[in-house]
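Per-entry structural report
Spelled out, the chains give:
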Amino acid sequence: MPSASTSPKQRSSGLSGMMRPLNSVVERFIPSALVFAIVLTFVVAILALLLTDSGPVEVTRGWGEGLSGLLEFMTQMALILLLGHTLANTGPVRRLLASLGGLPRTALQGYLFVFAVAAVASLITWGLGLVVGVLLAVEVARQGREKGLALHFPMLVAAGYSGYVIWHMGYSGSGTLTAATEGSFIAEQLGETVPISETTFAWWNLLAIVATILAVGIGLALVAPRAGDRVIEMKADARFDDEVRVDDEVVTPADRVDASRVLTLLVGLALVAYLVIHYSDGGAATLDIVNWTFLALIFLLVRSPLELIALVKNAASNVGEILLQFPLYAGIMGIMATSGLITVFSDFIVDTAGPSTFGVLAFLSAGVVNFFVPSGGGQFAVQGPVMLDAGARLGVDPAVTIMAIAYGDQWTNMIQPFWALPVLAISGLKIRDILGYTLVTLLASGVVFAATMLLVGAG
């Protein structure tokens, strides 16, 4: 596992000193995301008992019957993470990252380059963005040392994770794709689908993507270590600890089949043919289509079925906790729907906000909810119905409501440790090592997200 070293004689940067109390609180008192899901279940159940006419039996029945309500959605979300992680670790992608790692010529270029590449990867798919960010950070640190650059490894990793702050504005956005998918819970509530041309590819969202990358880039440049600041470098012998090893020795005819590239190549080409037909017939981008796009790329890039099996086994360890949490989110959704609690919350929002301020309120509330439901898909399951109902009653375009929740969900990921866990595991760092820098990302991106919501609200 990559680790870091530093000289104790160097002083800490001002940013590190200011963030030390918050770092301590995060490490000591923020529990796991699973605990949040469990606690939120009981909180919602108690609120249903206090604020509606439902009794314990009705609440329990609504919860139990709701547990299986998101099974298809859960599988789609798990596949996005699984396939994104797998794609990032294919040989061609790893070689591409190795070649990109040598491009930065200065330390500041290194930080900003890692952030920019991770941001682009996150727009493609959030699973890819998470892994690419940290793998590129390690590669830039390794090749930077060979050039004599003093690269602060925690900031490199933080820059890679910061690229994740725009994932929900891109091609794999949980909320946007769910709304575009026929038969999804959002489409059923609205009575229609919302195509990604009105959300992901809306002009104001595309403008916000560019503005966010610029704002966060400027913020990271301002807090980058200066001369005399403590620089924690990655150790010289650090390597990718999750690099997949494939035993493709051919001994038997069965081994020859397992090690052949023909079968995976044929499946990849078949998937590409299907995607071409789908879009040629006017088909839309949905959760399933996005997953088949990444699956096609994986089949085309791997060398053999053996390599694909090894890559999937390596990626599967990151999926288990999500699979465990989604039934709980579905149960929460069941309580809210059957008890009428969703209407209570919606009434409160309608009484508090107006059409022009609803987007900002929805964005801020989504940022808070994300602390308790860190999965974008899970958050849409819990919060989406409430906000969509309130927005509809205020005459707000559902596309604005969907993106407001998306912005809030991705925003507080910068200080919510759940999605940082795989990044920290690969890099060998702790949350306190990167939080000072990701807080800067939170502040810079928050200004852009709030301003965007005000802009579309005024329109």
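This text goes with the structure placed above it.
Figured I'd write up the structure that's included with this text. (Residues numbered from 1 in each chain as written. Predicted model: local features only at pLDDT ≥ 70, side-chain atom pairs only at ≥ 80, totals over all residues. Heavy atoms only, no water.)

To continue, consider helix H8 (residues 153-162). In an α-helix, one turn spans 3.6 residues, which is why side chains three or four residues apart end up on the same side. Counting buried positions along H8 gives ten out of ten residues, so the element sits mostly inside the fold. Listed in full, the buried residues belonging to H8 are Phe153, Pro154, Met155, Leu156, Val157, Ala158, Ala159, Gly160, Tyr161 and Ser162. (Buried < 20%, exposed > 50% of the residue type's maximum accessible area, 1.4 Å probe, protein only. Helix = DSSP H or I, 4+ residues; strand = E, 2+ residues; numbered from the N terminus.)

Taken as a whole and assessed by the stated rule, the structure comprises five salt bridges. The salt bridge partner of Arg142 is Glu139, with a shortest N-O separation of 2.2 Å. In this pair, Arg142 and Glu139 are both assigned in helix H7 (residues 126-146), three residues apart and thus about one turn of the helix distant. Assessed through its relative accessible area of 28%, Arg142 is described here as partly exposed. Among the residues examined, Glu139 registers a relative accessible area of 4% and is labelled buried. One continuous salt-bridge network, built from bridges that share partners, spans Glu139, Arg142 and Glu146. (Salt bridge = Lys/Arg side-chain N within 4 Å of Asp/Glu carboxyl O.)

In terms of nonpolar packing, the biggest core is built from 139 residues, with Leu156, Tyr161, Phe358, Tyr407 and Met453 touching the most fellow members. A per-element tally of this core places H7 first, with twelve residues. Excluding its chain neighbours within four sequence positions, the residues that come into contact with Tyr407 are Met169, Trp204, Asn205, Ala208, Phe363, Phe449, Thr452 and Met453. (Core = buried A, V, L, I, M, F, W, Y, C linked by side-chain atoms within 4.5 Å. Contact = heavy atoms within 4.5 Å.)

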